[in-house]
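Structural characterization, general
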Amino acid sequence: MKQMVTKFLVVALVIIGVYALYPSPADAGTLSDNFDGAAINTQLWWVPPYHYDEHQRCLQQGGVLKIQIDGVSTGGSFGAGLGSCFDLKGDFAIVVDYNAINWPYSNGVGAGIQYMGTKSSVNGHMTRRSFGADDPPPIKENYVTDFMDGNFLDHAQIATSDSQGKMKLTRVGKVMTGYFWQNNTWVKVGSHDYSLTGLDDWLVIGLNANSSTGYQMPDGTWVHPFAHKDVEMDFDNWRVTYDQIRYYSSGGPAPGILQLLLD
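Computed from a predicted structure; not experimentally measured. (Residues numbered from 1 in each chain as written. Predicted model: local features only at pLDDT ≥ 70, side-chain atom pairs only at ≥ 80, totals over all residues. Heavy atoms only, no water.)

Section: the overall build of the chain
When its secondary structure is counted, the chain shows zero helices and 19 strands. For the chain, buried positions account for 55% of its 263 residues. Accessible area of the chain: about 10900 Å², with a carbon and sulfur share of 53%. (Helix = DSSP H or I, 4+ residues; strand = E, 2+ residues; numbered from the N terminus. Buried < 20%, exposed > 50% of the residue type's maximum accessible area, 1.4 Å probe, protein only. Areas by Shrake-Rupley, 256 points an atom, 1.4 Å probe, with all protein chains shown as cover.)

With respect to the pairing of strand β11 (residues 152–159)
Note: strand β10 (residues 141–149) against β11, eight bridges, orientation antiparallel. Along β11, the bridge assignment pairs V144 with Q157. Counted along the chain from β10 to the antiparallel partner β11, the turn is two residues long, and its residue G150 has a positive phi close to 70 degrees. (Pairing = 2+ DSSP bridges.)

Considerations on the confidence of the model for the chain
Residues with a pLDDT of 70 or more make up 85% of the chain, whose mean pLDDT is 87. Contacts of residues 1–21 to residues separated by more than four positions or lying in other chains number 85 contacts, the stretch itself having pLDDT below 50. Ignoring residues within four places in sequence, the model shows residues 251–263, a span with pLDDT below 50, making 75 contacts including any to other chains. (pLDDT = per-residue confidence, 0-100. Contact = heavy atoms within 4.5 Å.)

Remarks on the packing of aromatic side chains
Under the counting rule described, the total for this entry stands at eight aromatic pairs. Following the ring pairs from residue to residue traces out a cluster consisting of W45, F86, W238 and Y247. We note K168 situated over the ring of Y179; from NZ or CZ to the ring centre the distance is 4.9 Å. The ring centre of W202 lies 4.2 Å from the NZ or CZ of R246, which sits over that ring. (Phe/Tyr/Trp six-rings, centres within 6.5 Å; stacked < 30°, edge-to-face > 60°. Lys NZ or Arg CZ within 6 Å of the ring centre and 35° of its normal.)

So, the pattern of salt bridges
Between side chains of opposite charge, a pair can form as their charged atoms come close. Evaluation of the coordinates by the stated rule reveals seven salt bridges. With a closest N to O distance of 2.8 Å, E141 and R128 form a salt bridge. Here E141 is found in strand β10, whereas its partner R128 is found in strand β9 (residues 122–130), with 13 residues between them in sequence. Across the pair, R128 and E141 agree in class, each one buried. Because the salt bridges share partners, they merge into one network encompassing K66, E232 and D234. (Salt bridge = Lys/Arg side-chain N within 4 Å of Asp/Glu carboxyl O.)

Here we look at unusual backbone geometry
The omega torsion across V47 and P48 is 0 degrees, close enough to zero to call that bond cis. Inspection of the secondary structure puts P48 in the loop between β3 (29–33) and β4 (50–51). In this structure, S106 is a non-glycine residue whose phi angle is positive, near 55 degrees. Inspection of the secondary structure assignment puts S106 in the loop between β7 (78–102) and β8 (110–116). The exposure class assigned to S106 is buried, which follows from its relative accessible area of 9%. At N183, a residue that is not glycine, the phi angle is positive and equals roughly 50 degrees. Turning to its location among the elements, N183 is positioned in the loop between β13 (175–182) and β14 (185–193).

Laid out in structure tokens, this is it:
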């Protein structure tokens, strides 16, 4: 489904500021994180992790990355997650395992892989998404891709009952695509070609989960996605293959704002 954007909810892995880059980007390679250490790997991720307030958490524990949203959370957009302390140029593929440890039906939370360039209007995600009771989609449990391109949102979803599995987000040229793993093969959810409007050469990436207690539809109707139930999504076995990478130095906020679109 493709639609013009009249509303979108944003939760930011708030990474704003200017950083010095290491002298030269590295050539093609692979990065991975099994989240097995005692602390989050600061060579890959900005710390502390993003969270909107004390009712959301992102922590490395028990060999996984846990993102938790308490049922008492409120706000126009709230959540938690990690943003990369590097960005990628050229083609790449990001794969991660997920396990919905605490995932009530129609809970209103989306969780998965995000990307963004220097322009906040060019970003998107591949997520496992649970739409709230009065969210417009009649089928509440889905895999979802949202690709923001200026004032246009390219949205696709596939119904699922999966509580665990794998997700993948790829860039090939100017095309972004999201997949999930089923029956020993990758199944495409949706894709978007940025050739006409442009996609930044360098993109920052992240893992995130978020929701909202309310937003207004174009017709004035208010929608209340979050079901006010505790939610936890765990990630593991994160891996990215890339054409080119550059790391940011430490000592301040990261560049840009990595956004997760919910609709």
